[in-house]
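# Examining the three-dimensional arrangement
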Amino acid sequence: MQSLTTTSLRIRENQLWILDQQALPQQSDWRECRDVSELVDHIRTLRVRGAPLIGLSASLLLALLAERGMAQDELHQALETLRASRPTAVNLMNNLDRMKAALQQSDYVKALAEEALRLVDEDRALCESIAAHGAKLVTPGSRLLTHCNTGGLATAGVGTAIGVIRRAHEQGNVEQVWVDETRPLLQGGRLTAWELGELSIPYQLICDSMAASLMAQKRVDAVWVGADRIAANGDVANKIGTYSLAVLAKYHGIPFYVAAPHTTHDPQCPNGAAIPIEQRDAREVTGVSGSFGSVQWAPLDAQVYNPAFDVTPAELISGWVLDVGVVTPDQVREGIFRQALQ
Ligand SMILES: CSC[C@H]1O[C@H](OP(=O)(O)O)[C@H](O)[C@@H]1O
């Protein structure tokens, strides 16, 4: 398979390398990813994370395994093992459905490689289109608030919500970004802060609990977040804490935008209640860990509730900023979300 480079994935000499996103920003640790069990572990521990990136890494590994001679039936098993690695982000399921179709072909080795690389190229283009549509919504002097991490680390391109912020900043319309640290795994404090620093985009890091008072002080002009799955009715599953931001934005009359590829919309999922929400390990809440080691502050036997995502109902969303354009609340109320994608 040809060499490939994204912010957090590489193909070199037919080997997949991943940038350990749990080690960032203290360490840029590239790790070989040789087989399914390693990738599943990287995905489950969020060394590989971000809805688009999870799907792309799984697709690229399957293509590499085929090139190394893995039998078709083993590849089918590998594909389904990867599908089960994280349940919420629909990108993984969509990508693997396409890889499964490639696996049915007679020359499946070639078909898998072509499809995996096509998915990477498509994601890059999707990011650019999302960013272009979204940047038009960012007015001069905007102070934008974002949650979790939705940049180049999480995609093959410029990102989704952070892609919009990046392009709007290039157009001179972003005064600064408020970055939610995003407990429990601190994707904002570790990854978005790192990415915006690398891009020289002015930001201030905040604890998630600080967003409300910033909005009350009229210091936030819009909220931009990503999505892991958009239900047929426009409800959105995204990193835990997104729903509370949407409620706060509604209360304060602040626009709340979701940026995502159109493929994140899942017409088979009727509404937010039908989106599977991943429950995660208690130790992520009773303490924190990273390349610096780990520290636990709560009792180790503390009872913990740790859903990785929450659901924001469509009524709280000002616009779904997709690669195909911006879907409006009126279109969603009219139940024509899908048609709006045409
Ligand atoms: C463009 S990434 C979309 C989505 O993925 C993140 O979740 P995680 O860090 O657990 O993989 C977050 O929900 C982002 O909004």
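Everything quoted here is computed from the prediction, not taken from an experiment. Counting starts from 1 at the beginning of each chain's written sequence and moves along it residue by residue. In keeping with the model being predicted, local features are shown solely for residues with a pLDDT of at least 70 and side-chain atom pairs are shown and tallied solely at 80 or more, while totals for entire chains, interfaces and linings include all residues. To get the side-chain values, take all heavy atoms of the structure and skip hydrogens and water.

## Some thoughts on the site of the ligand
Our working definition: Definition of nearness: a residue and a molecule or strand are near each other if at least one heavy atom of the residue lies within 4 Å of the molecule or strand. Polar contacts, as used here, are pairs of N or O atoms within 3.5 Å; protein pairs need one atom able to donate a hydrogen and one able to accept it. Residues neighboring in sequence count only if both atoms are side-chain atoms. Note on areas: these come from Shrake-Rupley sampling with a 1.4 Å probe, and a residue is covered only by the protein chains present in the view. In the cavity and pocket records, a cavity denotes points on a 1 Å grid over the protein atoms alone where a 1.4 Å probe fits but cannot get out, a pocket denotes an open set with protein on both sides within 12 Å along at least 5 of 7 lines, and lining residues are residues with an atom within 4 Å of a point. Think of it this way: a molecule belongs to a cavity or pocket when more than half its atoms come within 2 Å of the grid points there. What counts as a helix is a DSSP run of H or I of at least four residues, what counts as a strand is a run of E of at least two, and both are numbered from the N terminus. Three residue categories are used. Nonpolar comprises Ala, Val, Leu, Ile, Met, Phe, Trp, Tyr, Cys and Pro, charged comprises Asp, Glu, Lys and Arg, and polar comprises the others, including Gly.
By nearness alone, 18 residues border the ligand, and Arg49, Arg86, Asp228, Asn238 and Lys239 come closest of all. One nitrogen or oxygen atom from the side chain of Gln187 is found 3.0 Å from an oxygen atom belonging to the ligand. For the ligand, whose accessible area on its own is 400 Å², the fraction buried by protein is 99%. For the ligand, the cavity whose grid points lie within 2 Å of the majority of its atoms is the largest cavity. Looking at the shell around the ligand, the elements with two or more residues in it are α2 (51–67) and β10 (236–239). Split by residue class, the shell around the ligand holds seven nonpolar, seven polar and four charged.

## Regarding the pattern of salt bridges
Going by this rule: Here, a salt bridge means any side-chain nitrogen of Lys or Arg that lies within 4 Å of a carboxyl oxygen of Asp or Glu. Burial status follows relative accessibility: with a 1.4 Å probe on protein chains alone, a residue under 20% of its type maximum counts as buried, one over 50% as exposed, and anything between as partly exposed.
The final tally for this structure, using the stated rule, is 21 salt bridges. Its salt-bridge partner being Arg333, residue Asp330 comes within 2.5 Å of it at the nearest N-O pair. With Asp330 and Arg333 both in helix α11 (residues 329–333) and three residues apart, this pair spans about one turn of that helix. Under the relative-accessibility criterion, Asp330 is labelled partly exposed at 44%. When salt bridges that share partners are traced, they join Glu80, Arg83, Asp97 and Lys100 into one network.

## With respect to the UniProt feature "binding site: substrate" (unreviewed entry) in the protein chain
The test is simple: UniProt positions are given in the numbering used here, feature names are shortened, and annotations may be inferred rather than shown by experiment. Whether two residues touch is decided by their heavy atoms; if any such pair falls within 4.5 Å, the residues are in contact.
Mapped onto the present numbering, the UniProt feature "binding site: substrate" (unreviewed entry) falls at Arg49, Gly50, Ala51, Arg86, Gln187, Asn238 and Lys239. When the annotated set is filtered for residues lining the largest cavity, what remains is Arg49, Gly50, Ala51, Arg86, Gln187, Asn238 and Lys239. Along the chain, Arg49 falls in the loop between α1 (36–44) and α2. Residue classification places Arg49 among the buried residues on the basis of a relative accessible area of 3%. If near-sequence neighbours (up to four positions away) are discounted, Arg49 is found in contact with Gln21, Ile54, Arg86, Cys148, Asn149, Leu153, Ala154, Gln187 and Leu191. Within the structure, the side chain of Arg49 is placed 2.8 Å from the side chain of Gln21, a separation counted as a polar contact. Mapped onto the elements of the fold, Ala51 is located in helix α2. In this structure Ala51 comes out as buried when scored by relative accessible area, which is 6%.

## Description of the packing of aromatic side chains
Heads up, the condition is: For this analysis, a ring pair means two rings from Phe, Tyr or Trp (six-membered ring only for Trp) whose centres lie within 6.5 Å, classed as stacked if their planes differ by under 30 degrees, edge-to-face if by over 60, and tilted for the remaining angles. We call a charge positioned above a ring when the Lys NZ or Arg CZ atom is no farther than 6 Å from the ring centre and deviates by at most 35 degrees from the ring normal.
Enumeration according to the criterion identifies one aromatic pair in this entry. Of note, Arg10 hangs over the ring of Trp30, and the distance from its end group to the ring centre comes to 3.8 Å. The ring of Phe309 has Lys239 sitting right over it, with the charged end atom 4.1 Å from the ring centre.

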